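# Survey of secondary and tertiary structure
Chain by chain, the residues:
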Amino acid sequence: MGAALSTVYYNMRLRHPALDMPLIDYALALLFQPFADWMLTVFPIMIFIDYYQIVPDIDHLNPQVQKELSEWLNWLKTEIGFSGWRFDFVKGYAPNITKIYVENTKLDFAVGEYFNSLSNSGDGKINFNQDAARGELANWVEGDGGGVVTEFDFTTKGILQAIVQGELWRLKDSNRKPPGLIDIKPKNDVTFIINHDTSSTQRLWPFPSDKVMLGYAYILTHPGTPSIFYDHFIDWGLKDEITKLGSIRPKNGINEKSSVNILAANADLYVAKIDDKIIVKIGQNMDIGNLLPPSFKVVASGKDYVVFGSA
């Protein structure tokens, strides 16, 4: 897959807090990066947690620990070929610890997993305003970490799971902007539909299985760094559809800093123009009226979504 459309990262670790699993994560992530040529690369998962009994209690404030671990990480980077780190459960340690290892290894990419919750209303549905949830993610990114690490956008994931149930109006916040981390920290935002915690065997927060392509239609056309779940790409038979959607990004220069102009966001229709280069339509409603310029033609489509590109 070296010439494929995505950068492939392996998640490696000793153990995961929620599973009695050895060494290698069963779920890989295909992360789109703004590179001219897609590369095959890997990154290990680093976990530094004090209060999980199954994880070693390591003093990362100790200069000797920092020195030796940084040397090992640099060996992985130089000798093995790793080019990024995935930091697991970053709630378990201060962001300045993450910053130390990122700066000591000078790698291409680093992402943290800050698994937080969305606010809910009394009827069991999430609230419209999720500023607190995305603000919590943004605070971690900035914090003592100085913005050197990206963050998995759990706010956007939760909102996407709600919108596919006929609530597409949620994709526009009170300022007519995207409601997740995409709008406030797009450069540090890694969008995703499912990861190893939220689906696969654990299913802690699974995305509706018959709606995953609606999620990809959103994250693969919007700012941030979109992540593709390995199971979807390899096991679910969605490789061709995902690849076609993904190819739209480099062809149109869509990246983590692209602009989003939301043209419509109703119960059954979401329409947005990205960088004035593509228009994304999500939802069962096919009537977009005069929102589509005559010069825009279909470049990708699937069940309840269409992407248009300028001719």
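Because the structure is predicted, anything quoted here is derived from the model rather than measured. (Residues numbered from 1 in each chain as written. Predicted model: local features only at pLDDT ≥ 70, side-chain atom pairs only at ≥ 80, totals over all residues. Heavy atoms only, no water.)

## Section: the packing of helix α1 (residues 63-80) against helix α2 (residues 95-105)
- In the contact formed by α1 and α2, the axes pass within 9 Å of each other and the chain directions differ by 50 degrees. Classified by the interaxial angle, the pair formed by α1 and α2 is oblique. The way α1 lies across α2 gives a crossing that is right-handed. Across the interface between the two elements, Val65, Gln66, Leu69, Ser70, Leu73, Asn74 and Lys77 from α1 touch Ile100, Tyr101, Asn104 and Thr105 from α2.
- In the contact of α1 with α2, the residues fall into five nonpolar, five polar and one charged. (Axes fitted to C-alpha atoms, helices over the stretch in contact; angles between N-to-C directions. Helix = DSSP H or I, 4+ residues; strand = E, 2+ residues; numbered from the N terminus. Parallel < 35°, antiparallel > 145°, perpendicular 65-115°, else oblique. Left-handed = near helix turned anticlockwise from the far one by under 90°. Contact = heavy atoms within 4.5 Å. Nonpolar A, V, L, I, M, F, W, Y, C, P; charged D, E, K, R; others polar.)

## Brief notes about the packing of helix α6 (residues 212-219) against helix α8 (residues 239-252)
- Where α6 contacts α8, the two axes come as close as 10 Å, and the packing angle between them is 15 degrees. Between α6 and α8, the angle is such that the two are roughly parallel. The hand of the α6/α8 crossing is right-handed. On α8, the residues that touch Met213, Tyr216, Ala217 and Ile219 of α6 are Glu241, Ile242, Leu245 and Arg249.
- Its residues placed into classes, the contact of α6 with α8 shows six nonpolar, no polar and two charged.

## Digging into the pattern of salt bridges
- Going through the model one piece at a time under the given rule, you end up with nine salt bridges.
- With a closest N to O distance of 3.0 Å, Asp173 and Arg134 form a salt bridge. A residue pair is termed long-range when its members are at least 10 positions apart, and Asp173 in the loop between α4 (154-163) and α5 (181-184) and Arg134 in helix α3 (residues 131-142) qualify at 39 residues. Accessibility assignment for this pair places Asp173 and Arg134 in one class, buried.
- Here Arg170 and Glu167 are joined by a salt bridge, their closest N and O atoms 2.6 Å apart.
- Residues participating in the shared-partner salt-bridge network are Arg86, Asp88 and Glu113. (Salt bridge = Lys/Arg side-chain N within 4 Å of Asp/Glu carboxyl O. Buried < 20%, exposed > 50% of the residue type's maximum accessible area, 1.4 Å probe, protein only.)

## Points about a nonpolar patch on the surface
- Judged by side-chain polarity, Trp72, Trp75 and Ile80 come together as a nonpolar surface patch covering roughly 330 Å² of accessible area.
- As for its position among the elements, Trp72 is in helix α1. (Patch = residues over 30% accessible without salt bridge, like charges linked within 9 Å, V, L, I, M, F, W, Y side chains within 5 Å. Areas by Shrake-Rupley, 256 points an atom, 1.4 Å probe, with all protein chains shown as cover.)

## Considering the sheet that holds strand β12 (residues 296-302)
- Judged by pairing direction, the sheet is antiparallel, and its five strands sit side by side in the order β9-β10-β11-β13-β12 without closing on themselves. Of all strands in the sheet, those bounded by a partner on one side alone are β9 (260-265) and β12. Pairwise comparison of adjacent strand axes, ignoring direction, gives a mean angle of 20 degrees for this sheet.
- Bridge count for β12 against strand β13 (residues 305-310) is six bridges, and the pairing is antiparallel. Residue Val298 lies in a different strand from β13, and its bridge partner there is Phe308. (Pairing = 2+ DSSP bridges.)

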